[in-house]
Amino acid sequence: MHIAVYLPLLLPLLAPLFARPLAERCEPRLATWLLTATSLVLGAASTLSLGALAVAGLLRLPFLAGLGHWSAGTAQRDDPIELSVSLAAGLLLGGAVVMAVRMLWRRARTLAAAAVEAACMPARDGVVVIEDDAPDAFALPGLPGRVVVSTGMLDTLDRTEHGILLAHERAHLAGHHYAFVALAQLGAAANPFLRPLARSVTYTVERWADERAAAATGDRGRVARAVGKAALASRPAARRPLGAALGILGLARRTGIAAAGPVPRRVAALLAPPLGRHPLLAAATAAVLTAATLSSAEAAHDLHRLLEAVGAS
């Protein structure tokens, strides 16, 4: 086992450094893809590295080595990894697997419940209007999905802003934004250092939907005003299903655009010219993903060679 096994464990530490620049400087659709891919790849790579470290340590234990007809003595001679490191890796691996499986199970149940609820909702052109004075609007994933809007939200916005709101929520459904959020959160469940990436994805899917609404209406300023009005009027929605996480988010209480919450940042982005693809950031992200993939492949190859060595002894 060489130093390559440790690189996938170190790369996630960089997540807080490039999550915000990707979310703020790249075109939202591209940023969402890059952030989601990074969370998934780094989560998988770090888990694989923990597995390689744990297995290499288990080979040193005579009882377990005997079960696999391996030579514990050869493993101790050929493997430079300390047993304490392997045991710690095994504990971390168990935690990562448990958290990832738990997240998958909960998300699958939530998506299934959302799909059933969406199928039971009578809709006109995919839109469900509910009688509720509290302003609320969200996209509900399903086959097909539904855009749910309360009468309170319709009363808050004017007719033009109704179209903006529907365009925004339909963009969530058309782009399957719930899948990006779920996949990014899966990587973060396996490795908590990747949580900034998952949080950034929840922001970039909103920006993606904002840009789709701006393209549909041709008026970025009006979309910015609609986003601000809807956010100011909305209430916290703990009762919502999964799709609510993809709707217009509540207004943050921090001040200053540099430290602002999602809605002020979204409004500022809509009032500015559209973002480009930013090839430098995209290339840097690709380099990180490539390094993680190659390091994981090298670690797996080293483990394979170690297994061959202890099996031949």
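By convention here, each chain's residues receive numbers from 1 onward along its written sequence. In keeping with the predicted nature of the model, local features appear solely for residues at pLDDT of at least 70, side-chain atom pairs appear and are counted solely at 80 or more, and the whole-chain, interface and lining totals rest on all residues. Think of the side-chain values as coming from all heavy atoms in the structure, minus any hydrogens and water.

Caption draft 1: Fine view of the overall build of the protein chain. Helix numbers and strand numbers start at the N terminus; a helix is a DSSP run of H or I with at least 4 residues, a strand a run of E with at least 2. On a plain count of helices and strands, the protein chain comes out with 13 helices and three strands. Note on contacts: a residue pair is in contact if any heavy atoms of the two residues lie within 4.5 Å. Residue pairs in contact within the protein chain that sit at least 24 positions apart in sequence constitute 72% of those at least 6 positions apart. For the accessible areas, the method is Shrake-Rupley and the probe is 1.4 Å, while residue cover comes only from the protein chains on display. Total accessible area computed for the protein chain in this model is approximately 15,200 Å², and 65% of it derives from carbon and sulfur atoms.

Caption draft 2: Focus on the packing of aromatic side chains. Ring pairs shown here join Phe, Tyr and Trp side chains whose ring centres sit within 6.5 Å, with only the six-membered ring taken for Trp; geometry is labelled stacked below 30 degrees between planes, edge-to-face above 60, and tilted in between. For the coordinates displayed, the defined rule picks out two aromatic pairs. A ring pair is formed by Trp33 and Phe180, whose centres lie 4.9 Å apart and whose planes are at 80 degrees; its orientation type is edge-to-face. Residue Trp33 is found in helix H3 (residues 28-58), and its partner Phe180 is found in helix H9 (residues 177-190); the two are separated by 147 residues along the sequence. Given a relative accessible area of 48%, Trp33 falls into the partly exposed group. Among the aromatic side chains, those forming a connected cluster through ring pairs are Trp33, Phe180 and Trp208. We count a charge as sitting over a ring when the NZ of a lysine or the CZ of an arginine lies within 6 Å of the ring centre and within 35 degrees of the ring normal. Directly above the ring of Tyr203 sits Arg265, whose terminal nitrogen or CZ lies 4.0 Å from the centroid. Remark: exposure states derive from per-residue accessible area (1.4 Å probe, protein chains only) relative to the maximum for the residue type, with buried under 20%, exposed over 50%, and partly exposed in between.

Caption draft 3: Representation of the pairing of strand S2 (residues 137-140) in the model. Covered by surrounding structure in S2 are Ala137 and Ala139 together with Phe138 and Leu140, the residues of both alternating faces. Pairing analysis gives four bridges linking S2 to strand S3 (residues 146-150), with the strands arranged antiparallel. By the bridge assignment, Ala139 is partnered in S3 with Val147. In this structure, the hairpin formed by S2 and S3 is closed by a connection of five residues. Only strands that DSSP links by at least two bridges are regarded as paired with each other.

Caption draft 4: Quick look at the packing of helix H2 (residues 15-25) against H3. It is the contact of H2 with H3, at a shortest axis distance of 9 Å, that shows an interaxial angle of 160 degrees. It follows that H2 is roughly antiparallel to H3 by the angle criterion. Both H2 and H3 take part in a crossing whose hand is left-handed. Counted together, Phe18, Ala19, Leu22 and Ala23 of H2 and Ala31, Leu34, Leu35 and Thr38 of H3 form the full contact between these two elements. Axes, fitted as lines to C-alpha atoms, cover a helix only where it is in contact. Angles between the N-to-C directions of the axes lie from 0 to 180 degrees. Here is the rule for angles: anything less than 35 degrees is roughly parallel, anything more than 145 is roughly antiparallel, 65 through 115 is roughly perpendicular, and the remaining ranges are oblique. Crossing handedness follows the turn of the near helix against the far one: under a right angle anticlockwise gives a left-handed crossing, and clockwise gives a right-handed one.

Caption draft 5: Inspection of the sheet that holds S3 at higher detail. Here we have three strands laid out as an open sheet, ordered S1-S3-S2, and mixed in their pairing. Since the sheet does not close on itself, it has two edges, and those belong to strand S1 (127-130) and S2, each with one partner. Ignoring strand direction, the axes of neighbouring strands in this sheet form an average angle of 20 degrees.

Caption draft 6: Region of interest: unusual backbone geometry. Geometrically, the link from Leu143 to Pro144 is a cis peptide bond, its omega value of 0 degrees lying close to zero. Summarising the element assignment, Pro144 is placed in the loop between S2 and S3. Despite not being glycine, His176 has its phi angle at roughly 50 degrees, a positive value. Locating His176 in the fold gives a position in the loop between helix H8 (159-174) and H9. Positive phi outside glycine occurs at His278, with the angle close to 50 degrees.

Caption draft 7: Structural context of the pattern of salt bridges. Salt bridges are counted wherever a side-chain nitrogen of Lys or Arg sits within 4 Å of a carboxyl oxygen of Asp or Glu. Counting across every chain of the model gives eight salt bridges. Taking the shortest distance from any N to any O, the salt bridge between Glu24 and Arg20 comes out at 3.1 Å. Placement of both Glu24 and Arg20 in helix H2 is noted, with a separation of four residues, approximately one turn of the helix. Assessed through its relative accessible area of 33%, Arg20 is described here as partly exposed. Between Arg265 and Glu24 there is a salt bridge; the shortest N-O distance is 2.6 Å. Residue Arg265 is located in helix H12 (residues 262-271), and its partner Glu24 is located in helix H2; the two are separated by 241 residues in the primary sequence. Residue Glu24 is classed as partly exposed on the basis of its relative accessible area of 26%. Each of Arg20, Glu24 and Arg265 takes part in one network of salt bridges that share partners.

Caption draft 8: Up close: helix H6 (residues 83-120). An expected span of 1.5 Å times one less than the residue number is assigned to each helix. For H6, with 38 residues, the first-to-last C-alpha span of 56 Å sits near the 56 Å given by 1.5 Å per residue. Among the residues making up H6, those that are buried are Ser86, Ala89, Ala96, Ala100, Met103, Arg107, Ala114 and Ala118. Along its buried surface, H6 packs onto H3, S2, S3 and H9.

Caption draft 9: Structural view of the layout of surface pockets. Considering only enclosed or pocket space, the largest pocket measures out at about 400 Å³ in volume. Every definition here rests on a 1 Å grid over the protein atoms only: cavities are sets of points where a 1.4 Å probe fits but cannot get out, pockets are open sets enclosed by protein on both sides within 12 Å along at least five of seven lines, and lining residues have some atom within 4 Å of a point. In terms of lining, the largest pocket is formed by 18 residues, of which the most central are Met99, Met103, Gln185, Ala188 and Ala189. Elements represented by at least two residues in the lining of the largest pocket include exactly H6, H9 and helix H10 (195-217). Counting residues per element, the lining of the largest pocket draws most heavily on H6, at eight residues. Amino acid classes used here: Ala, Val, Leu, Ile, Met, Phe, Trp, Tyr, Cys and Pro are nonpolar; Asp, Glu, Lys and Arg are charged; the rest, including Gly, are polar. Partitioning the lining of the largest pocket into residue classes produces nine nonpolar, four polar and five charged. Grid points are joined across faces, edges and corners, and a volume is the space filled by probe spheres set on the points.

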